[in-house]
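What follows is each chain in one-letter form.
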Amino acid sequence: MATAAIARLAEDWRRAADQHLTPTKRSLMVMWAAFGTTFGTVRFITHGIRGGWLPWGNVSAGGKHLHHYNIGIAALAGVGLVAVRGDEPAVGHPAVAAVYGAGAALITDEFALLLDLQDVYWAKQGRVSVDVSFGVLAALGGYLSAAPFWHELVRRTHRRLTAGSAE
């Protein structure tokens, strides 16, 4: 595909997003995509390091192994600072959503380590990290794929509950 055709396609996608997605929905979709992409990439890299078929090794600082959840915590702390400051151009920006999704994936991928405070990434107990990550992906995907439906359920439930208390 020629460069001009790719540029036209990207512009078509941007217009479709502008027409069909609110800024909040766009941020949620970017966050979901960043979470899934980061989770898959990190799993690929860790398997490559462990299997010896990638040319680099684990990240260390001062002789201490740095787990990728450390990077995730730093990413979420940075995003939290943006949220606390309330910088209007940054709040809801797709880049902020992408950093949040990536940081959450880095933490979730090592959930088992954080749960037991033992490095069980490759052990049977480490499977809980994969399960939690897929659960997050599924829950976000389920919400995003039917957001208007979920919002309508909440509206109707609220109406019923408040109508029942007025009787």
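Numbers given to residues run from 1 along each chain, matching the order in which its sequence is written. Thresholds applied to this predicted model are a pLDDT of at least 70 for local features of residues and 80 or more for the giving and counting of side-chain atom pairs; totals over whole chains, interfaces and linings are not thresholded and use all residues. With hydrogens and water excluded, all non-hydrogen atoms of the structure serve as input to the side-chain values.

### Brief notes about the pattern of salt bridges
The condition that has to hold: We define a salt bridge as a side-chain nitrogen of Lys or Arg found within 4 Å of a carboxyl oxygen belonging to Asp or Glu. Secondary structure elements are defined from DSSP: runs of H or I of at least 4 residues count as helices, runs of E of at least 2 residues count as strands, and each element is numbered from the N terminus. For every residue, the accessible area obtained with a 1.4 Å probe (protein chains only) is divided by the maximum for its type, and the residue is called buried under 20%, exposed over 50%, and partly exposed between those limits.
Using the criterion set out here, one finds 10 salt bridges in the structure. Across the pair D12 and R15 runs a salt bridge whose closest N-O atoms are separated by 2.5 Å. On the criterion of helical spacing, the pair formed by D12 and R15 is a turn pair, its members being 3 residues apart in helix α1 (residues 3-20). Among the residues examined, D12 registers a relative accessible area of 39% and is labelled partly exposed. In this structure, the salt-bridge partner of R155 is E152, at a minimum N-O distance of 3.0 Å. Here R155 pairs with E152, and both are found in helix α7 (residues 147-166), just 3 residues apart, close to one helical turn. One salt-bridge network, in which partners are shared between bridges, spans E11, D12, R14, R15, D18 and R26.

### Thoughts on the environment of T24
One can find T24 in helix α2 (residues 23-51). On a C-alpha basis, the gap between T24 and P89 in space is 14 Å, while along the polypeptide they are 65 residues apart.

### Overview of helix α3 (residues 68-85)
Quick reminder of the rule: In this analysis, the expected span of each helix is defined as 1.5 Å times one less than the number of residues it contains. Arc, as used here, means the arc of the directions from the helix axis to the C-beta atoms.
Counted at 1.5 Å a residue, the expected span for α3 with its 18 residues is 26 Å, and the 26 Å between its end C-alpha atoms agrees. Taken together, the buried positions of α3 are occupied by H68, Y69, G72, A75 and V79. End-on view of α3: buried residues confined to an arc of 115°, all on one side of the axis. For α3, the exposed residues lying more than 90 degrees away from the buried face are A77, L81, V84 and R85. Positive backbone phi, approximately 70°, marks G86, located one or two places after α3.

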